[in-house]
Amino acid sequence: AQKITQTQPGMFVQEKEAVTLDCTYDTSDQSYGLFWYKQPSSGEMIFLIYQGSYDEQNATEGRYSLNFQKARKSANLVISASQLGDSAMYFCAMREGDTGRRALTFGSGTRLQVQP
Amino acid sequence: DARVTQTPRDKVTEMGQEVTMRCQPILGHNTVFWYRQTMMQGLELLAYFRNRAPLDDSGMPKDRFSAEMPDATLATLKIQPSEPRDSAVYFCASGLVIGLAGVPLYNEQFFGPGTRLTVL
């Protein structure tokens, strides 16, 4: 089974509009972390936002917020007021457990295109 | 501005040659990860280290790949012999794991710019 599922291969959004990128995850661990990364066409991976499984509040970082629904095992990224520079690939990732394996498992990504 | 650095940024080599990729993690970080990104497989974990000790290299083909951390400021990934199917972008990432009883207080991983490897 896929650990991280991103069902939207591509998304379009108008500049200044909000957009939600979907991510569902699968884990039996009680403690885990969820991450979103942005990969622009230049190729680097840029950390955007983190949500811990025990965090009661949804994470926010500027225009980015994470809509964390634990019971549904979803961790959707919301970008408010989209900008042309937001056009990129977006990856959802998960780190499972408190100890032991701490690397990230990535989803297949969503390509976001912001249109003027 | 602390960053993970990787060298070389681009490498073109012929099948059968040895390839060495280097990574300098952010000073003070105690975990290092190697990932590979291809169009077909996406992002995959190859290996990761904590406090210079390898904790997981199950994603790495053992017969040709090796990863080491000779010291806290250098991580290396070697492929010998290289094959065309190894062509990919290889990312190094570093992070800091701190906390009590393994409960993390800090979770961000910082990625390097990647090494684009082409094996002809």
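Residues numbered from 1 in each chain as written. Chains lettered and ligands numbered in written order. Predicted model: local features only at pLDDT ≥ 70, side-chain atom pairs only at ≥ 80, totals over all residues. Heavy atoms only, no water.

Q: So what exactly am I meant to see when it comes to the overall build of chain B here?
A: Within chain B, the secondary structure is distributed over zero helices and eleven strands. Taken from N to C terminus, the helices and strands of chain B fall in the order β-β-β-β-β-β-β-β-β-β-β. Buried positions account for 47% of the 120 residues belonging to chain B. Pairs at least 24 apart in sequence give 57% of the contacts found in chain B among residues at least 6 apart. Charge centroids of chain B, computed over 12 positive and 13 negative side chains, lie 2 Å from each other. (Helix = DSSP H or I, 4+ residues; strand = E, 2+ residues; numbered from the N terminus. Buried < 20%, exposed > 50% of the residue type's maximum accessible area, 1.4 Å probe, protein only. Contact = heavy atoms within 4.5 Å. Lys, Arg positive; Asp, Glu negative; His and termini not counted. Charge placed at Lys NZ, Arg CZ, Asp CG, Glu CD.)

Q: Can you walk me through unusual backbone geometry in this structure?
A: With the exception of glycine, the majority of residues adopt a negative phi angle, and the majority of peptide bonds are in the trans configuration. The omega torsion of the bond from Thr7 of chain B to Pro8 of chain B falls at -10 degrees, within 30 degrees of zero and hence cis. Mapped onto the fold, Pro8 of chain B is located in the loop between strand E1 (5-7) and strand E2 (10-13). Omega for the bond connecting Gln80 of chain B with Pro81 of chain B falls within 30 degrees of zero, at -5 degrees, which places this linkage in the cis form. Among the secondary structure elements, Pro81 of chain B is positioned in the loop between strand E8 (74-79) and strand E9 (88-95). Positive phi values are uncommon outside glycine, yet Ala81 of chain A reaches one of about 50 degrees. By the element assignment, Ala81 of chain A lies in the loop between strand E9 (74-79) and strand E10 (88-96). On the basis of relative accessible area, Ala81 of chain A is assigned to the partly exposed category, the value being 38%. The residue Arg52 of chain B is not glycine, and still its phi comes out positive at about 75 degrees. Mapped onto the elements, Arg52 of chain B comes out in the loop between strand E5 (42-50) and strand E6 (53-56). Here Arg52 of chain B falls in the partly exposed class, since its relative accessible area comes to 41%.

Q: Help me out: how do you make sense of the state of the cysteines in this one?
A: Defined simply, a disulfide is a covalent bond joining two cysteines at their sulfur atoms. Scanning the model with the defined rule gives two disulfides over all chains in all. Each sulfur in the disulfide pair Cys23 of chain A and Cys92 of chain A lies 2.0 Å from the other. For the disulfide bridge between Cys23 of chain A and Cys92 of chain A, the dihedral angle about the S-S bond is near -65 degrees, and by the sign convention the bridge is left-handed. Of this pair, Cys23 of chain A sits in the loop between strand E3 (19-21) and strand E4 (24-25) while Cys92 of chain A sits in strand E10, and the two are 69 residues apart along the sequence. Residue class for Cys23 of chain A comes out buried when judged on its relative accessible area of 0%. The partner cysteine of Cys23 of chain B in its disulfide is Cys92 of chain B, sulfur to sulfur 1.9 Å. Disulfide Cys23 of chain B-Cys92 of chain B: the torsion about the S-S bond is -60 degrees, which places it as left-handed. Here Cys92 of chain B lies in strand E9 and Cys23 of chain B lies in strand E3 (residues 19-24), a separation of 69 residues in the sequence. Each member of the pair Cys23 of chain B and Cys92 of chain B is classed as buried. (Disulfide = S-S within 2.5 Å.)

Q: When you look at the layout of surface pockets in this model, what are you seeing that I'm missing?
A: Any space left empty among the atoms is revealed by the rolling of a water-sized probe across them. Reported here for the largest pocket is a volume of approximately 920 Å³. What lines the largest pocket is a set of 38 residues, and nearest its centre among them are Phe91 of chain A together with Gln37, Thr38, Gly42 and Leu43 of chain B. Mapped onto the lining of the largest pocket, the elements with two or more residues apiece are E10 and strand E11 (105-106) of chain A together with strand E4 (31-38), E5 and E9 of chain B. Broken down by class, the residue content of the lining of the largest pocket amounts to 15 nonpolar, 15 polar and eight charged. Lining the second largest pocket are 15 residues; nearest its centre among them are Met45 and Ile46 of chain A together with Arg3, Phe110 and Phe111 of chain B. Broken down by secondary-structure element, the contributors of at least two residues to the lining of the second largest pocket are strand E6 (46-52) of chain A together with strand E10 (109-111) of chain B. The element contributing the most residues to the lining of the second largest pocket is E10 of chain B, with three residues. Its residues assigned to classes, the lining of the second largest pocket comprises nine nonpolar, two polar and four charged. (1 Å grid on protein atoms, 1.4 Å probe; cavity = no way out; pocket = protein on both sides within 12 Å on 5 of 7 lines; lining within 4 Å. Points joined across faces, edges and corners; volume = space filled by probe spheres on them. Nonpolar A, V, L, I, M, F, W, Y, C, P; charged D, E, K, R; others polar.)

Q: In this structure, what is going on with the packing of aromatic side chains? I would like to understand it.
A: Given two aromatic rings, their pairing is described by the distance between the two centres and the angle made by the two planes. Counted according to the given criterion, the structure contains 14 aromatic pairs over all chains. Residues Phe35 of chain A and Tyr37 of chain A carry aromatic rings whose centres are separated by 6.4 Å and whose planes lie at 20 degrees to one another, so their mutual orientation is stacked. Residue Tyr37 of chain A is classed as buried on the basis of its relative accessible area of 0%. Residues Phe33 of chain B and Tyr48 of chain B carry aromatic rings whose centres are separated by 5.2 Å and whose planes lie at 15 degrees to one another, so their mutual orientation is stacked. Here Phe33 of chain B, found in strand E4, pairs with Tyr48 of chain B, found in strand E5; they are 15 residues apart in sequence, far enough to count as distant. Among the residues examined, Phe33 of chain B registers a relative accessible area of 2% and is labelled buried. With relative accessibility at 1%, the residue Tyr48 of chain B sits in the buried group. Clustering of aromatic rings is evident, with ring pairs tying together Phe35, Tyr37, Phe47, Tyr50, Phe91 and Phe106 of chain A together with Phe33, Tyr35, Tyr48, Phe91 and Phe111 of chain B. A cation over an aromatic ring shows up here: Arg63 of chain A above the ring of Tyr64 of chain A, its NZ or CZ 5.7 Å from the ring centre. (Phe/Tyr/Trp six-rings, centres within 6.5 Å; stacked < 30°, edge-to-face > 60°. Lys NZ or Arg CZ within 6 Å of the ring centre and 35° of its normal.)

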